[in-house]
Amino acid sequence: MAQDQTITRHFFRPGTGDDGLRPPCEVACPIHTDAQRYIQLVAAGRYADALEVIRDTNALPQSIGRICAHPCEDACRRGQVDEPIAICNIKREASDGAKAEGRGYDPPRPQFGDRKVAIIGSGPSGLAAAHDLALMGIRPVVYERQPEAGGFLRTGILNYRLPKDILDEDIAYITGMGVEIRTGVAIGEDVGFDELAAEHDAVLIAVGLSESRSLPVAGVDNRGVLLAVPFLEAVNAGREVPELGKEIIVIGGGNVAIDVARSARRVSGGDVTMVCLEADHEMPAHDWEVRDAVAEGVKIVCSQGPNAIVGDGQVEGLEMKRCESVFDEQGRFAPTFCETELSTLPGDTVIISIGQMSDMSFLGGSGPELDGRGILVFDREQCATTRRGVFASGEVVTGPGAAVSAMASGKRAAIAIGKFLGVDVDFPAEPRAVNELPGYVAGMINKGARRSVPARPEDERVRDFGEVELGLGEVDGRCEASRCLLCAAGARYSETRCISCLTCVRVCPYAAPEADGNGLLKIDPDKCQACGICFTQCPAKAIDLAVLSEDDIRAAVDAALEGSGEVEFGCWYPQTRVAAEAGAVMLPCTARLSLGLVLYAFEAGAGRVHVAVCSEDDNGRFVTGHRQTRAVVEEGRRALQEIGLDPEALVLTLVKEKKCLKPQQ
Ligand code: SF4
Ligand code: SF4
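Everything quoted here is computed from the prediction, not taken from an experiment.

Caption draft 1: Region of interest: the overall build of the protein. Assigned secondary structure in the protein consists of 23 helices and 25 strands. Relative to its length of 665 residues, the protein is compact, with a C-alpha radius of gyration of 28 Å against a globular reference of 26 Å. For the protein, the spread of C-alpha atoms along the principal axes amounts to about 100 × 55 × 50 Å. The buried share among the 665 residues of the protein stands at 57%. A fraction of 71% describes how many contacts in the protein between residues 6 or more apart in sequence connect residues 24 or more apart. Counting only carbon and sulfur atoms, one obtains 49% of the accessible surface of the protein, whose full area is about 27200 Å². Each charge class in the protein was averaged separately, 69 positive and 98 negative side chains, and the resulting centres sit 4 Å apart.

Caption draft 2: Seen up close, the sheet that holds strand β13 (residues 333-346). With antiparallel pairing, 3 strands are arranged side by side in an open sheet as β11-β12-β13. In the strand order of this sheet, the two ends are held by β11 (304-311) and β13, each with one partner. Going from strand to strand, the sheet's axes swing by 25° on average, the running direction of each strand aside. When strand β12 (residues 315-327) meets β13, the two strands line up antiparallel, connected through 9 bridges. Its bridge partner being in β13, Cys-323 is matched across the sheet by Phe-337.

Caption draft 3: Quick look at the site of ligand 2. Close contacts around ligand 2 come from 13 residues, with Cys-508, Cys-528, Cys-531, Gly-532 and Cys-534 the closest. For the shell around ligand 2, the class distribution of residues is 11 nonpolar, 2 polar and no charged.

Caption draft 4: Up close: helix α12 (residues 255-268). Here α12 is 14 residues long and its end C-alpha atoms lie 20 Å apart, about the 20 Å a rise of 1.5 Å per residue gives. In terms of burial, α12 is a largely internal element, 12 of the 14 residues being buried. Within α12 the residues assigned to the buried category are Val-256, Ala-257, Ile-258, Asp-259, Val-260, Ala-261, Arg-262, Ser-263, Ala-264, Arg-265, Arg-266 and Ser-268.

Caption draft 5: The packing of helix α2 (residues 35-43) against helix α3 (residues 47-55), seen in detail. Contact pair α2 / α3: the axes reach a minimum separation of 8 Å and the direction vectors enclose 170°. The pairing of α2 with α3 is recorded here as roughly antiparallel in orientation. On α3, the residues touching Arg-37, Tyr-38, Leu-41 and Val-42 of α2 are Tyr-47, Asp-49, Ala-50, Val-53 and Ile-54.

Caption draft 6: Inspection of the nonpolar core at higher detail. Formed by 86 residues in total, the largest nonpolar core has its most connected members in Tyr-38, Ile-39, Phe-569 and Val-585. A domain-level breakdown of this core finds at least three residues from each of domain 1 (22-105 + 445-481) and domain 4 (491-661). In this structure Ile-39 touches Ile-85, Ile-87, Ile-90, Ala-481 and Cys-484, once residues within four positions along its chain are discounted. Counting residues in hydrophobic clusters, the runner-up holds 49 residues, among them Ile-64, Ala-129, Ala-202 and Ala-414.

Caption draft 7: The arrangement of empty space enclosed by the protein in detail. This structure, assessed with the given rule, holds 6 cavities of 30 Å³ or more. In this model, the largest cavity occupies a volume close to 110 Å³. For the largest cavity, the lining is made up of 16 residues, of which Cys-29, Tyr-38, Cys-68, Cys-72 and Lys-91 are closest to its centre. Of all the elements in the fold, those that place two or more residues in the lining of the largest cavity are α2, α5 (71-75) and α6 (87-101). No other element matches α6, which puts 3 residues into the lining of the largest cavity.

Caption draft 8: Inspection of the layout of surface pockets at higher detail. Counted as a void, the second largest pocket has a volume near 750 Å³. Taken together, 28 residues line the second largest pocket, and the ones lying closest to its centre are Pro-30, Ala-408, Lys-411, Arg-412 and Pro-428. Sorting elements by how many residues they give to the lining of the second largest pocket places helix α15 (residues 403-420) first, with 7 residues. Its residues assigned to classes, the lining of the second largest pocket shows 14 nonpolar, 6 polar and 8 charged. Residue-level mapping places the lining of the second largest pocket at the junction of two domains, with at least three residues from each of domain 1 (22-105 + 445-481) and domain 2 (116-209 + 358-420).

Definitions and cut-offs
- Residues numbered from 1 in each chain as written.
- Chains lettered and ligands numbered in written order.
- Predicted model: local features only at pLDDT ≥ 70, side-chain atom pairs only at ≥ 80, totals over all residues.
- Heavy atoms only, no water.
- Helix = DSSP H or I, 4+ residues; strand = E, 2+ residues; numbered from the N terminus.
- Rg over C-alpha atoms; globule rule 2.2 N^0.38 Å.
- Buried < 20%, exposed > 50% of the residue type's maximum accessible area, 1.4 Å probe, protein only.
- Contact = heavy atoms within 4.5 Å.
- Areas by Shrake-Rupley, 256 points an atom, 1.4 Å probe, with all protein chains shown as cover.
- Lys, Arg positive; Asp, Glu negative; His and termini not counted.
- Charge placed at Lys NZ, Arg CZ, Asp CG, Glu CD.
- Pairing = 2+ DSSP bridges.
- Axes fitted to C-alpha atoms, helices over the stretch in contact; angles between N-to-C directions.
- Near = heavy atom within 4 Å.
- Nonpolar A, V, L, I, M, F, W, Y, C, P; charged D, E, K, R; others polar.
- Expected span 1.5 Å × (residues − 1).
- Parallel < 35°, antiparallel > 145°, perpendicular 65-115°, else oblique.
- Core = buried A, V, L, I, M, F, W, Y, C linked by side-chain atoms within 4.5 Å.
- Domains from an automatic or database assignment.
- 1 Å grid on protein atoms, 1.4 Å probe; cavity = no way out; pocket = protein on both sides within 12 Å on 5 of 7 lines; lining within 4 Å.
- Points joined across faces, edges and corners; volume = space filled by probe spheres on them.

So this is what it looks like as structure tokens:
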């Protein structure tokens, strides 16, 4: 019998009880993707369902699964136990796994009415807005001045991080929904802004930050001085960069500068040194990006600012002055230098990567106001510019940030435009997260190291632009997913059913249920680990679980019996079946199995019921869970005997090989 086909995304319920609390990973995600749900589905090997969950909020799941800055991982409560869940890599696993199954890549085809929205720019913000508008039945037409769609994802992020065929597949899904993308059309040149506005019911400006900032220092006109954006565009398009030498200096310490440096290493095969104002702990680039660059041989000189580019017609080096501090007391960028402490770094090429800005010249003075710095005047709440019907989103209004933040901005703009055009939509309320794990609960959770993503060896990967990270793969992907703590998806109880017997208070290993002086119960969502023990023990059936309710499990039993006369209650983490011939009902832990559910399987027609259980000394994540499972099976056998059935029809099988607990090879 194949892997359990009954666990669907619908078995996962939002929040614990009525408090509406959500997992911190989801709250930290700018587009609030339900990470917990897709992580559980990946753990269960249900990749296409996982991808469907991701697609609920994310129009570019494959691309974002490779390049996301993953703020969700910074918020992940597993980090209090050992290390955060590798959420971003699991997202990639979902899309890779679904693709291998040949599922999850057929786009919906919404019916469009007669309203049309022009979107200027096909980067993450514009594409996210186009996707969401299409789902509202509004026809989006995306205008892109480059020959291919994708914005900075295509022109600024290199193949070794985001292969172009992956981006193409994400874009093909969006165009498959009926979104039209007109490439090679420059608004302001090929089509005037007023003309565009007149032909559409609304316009969204999502042009990003397409221009590199330069430096006001002597020598900047020398041959061999390049700007980051045109350099990355050329490399991405496979064009030669004849000015590139063999001793390359990259000015800047952000993520774009890292990409410039890593690309320059690949293209030139020469020495690459980054020079940045910040001390190493202050660098704006993500630490994992810095690590990758250093592993590929990029050198980094910190706490130095550019004083002059040395050379008489051709770059010969960079004169630097020591940077004493980068930020003022309020944390604002206000670098100070020691003007007398100068040094020179020799080099034949300087690439300036100190930030980007927008080019709003395409507006041609036709409507939306710009402020004194040339930045769009913008209502952040309504995503509106000063010209009616013209909206804006992404970095052009939010400033530089992660691709997923640009998508969040595009999604909000889509809602704003939908409202403007009379669609019955509204901005969602911001979700609230459960609090941190109490220290004693964190201390009770079995530790398990985070799975790292295999990568190509450094000396091999700097010779080409092939993808560096190879993905977790099935075993490590599912094992990593099984580390998730199911935050905010635990016990919820019914006040009307509760008889104040306080059984839950007695049995909960984590002291989550608390009773007040009147016997009124509260289950603390910060403490609850969704182990299910109270759910199986409560005599009044007053407790259910958010992650997989009693009704869900009964439905799974019915489905399992459609193809078999036997049922296996197993754990969806170890990826090990104990009764291959039985219909599978996979649970986060068989501690969640109540006597009622075991007997229900027999009532529903099972001739034999198998229950998988961990050994005493290898007890998975839920402390005492295995004891609970054994006790329920013993009880079940007695019950079968009492009603004249063979107690041996209820089989307890030890899971011997728990792949999820094996260390990564
Ligand atoms: S443990 Fe799981 S649910 Fe909790 S924050 Fe981390 S990924 Fe999200
Ligand atoms: S027994 Fe388990 S499911 Fe019930 S409150 Fe305690 S941790 Fe949560």
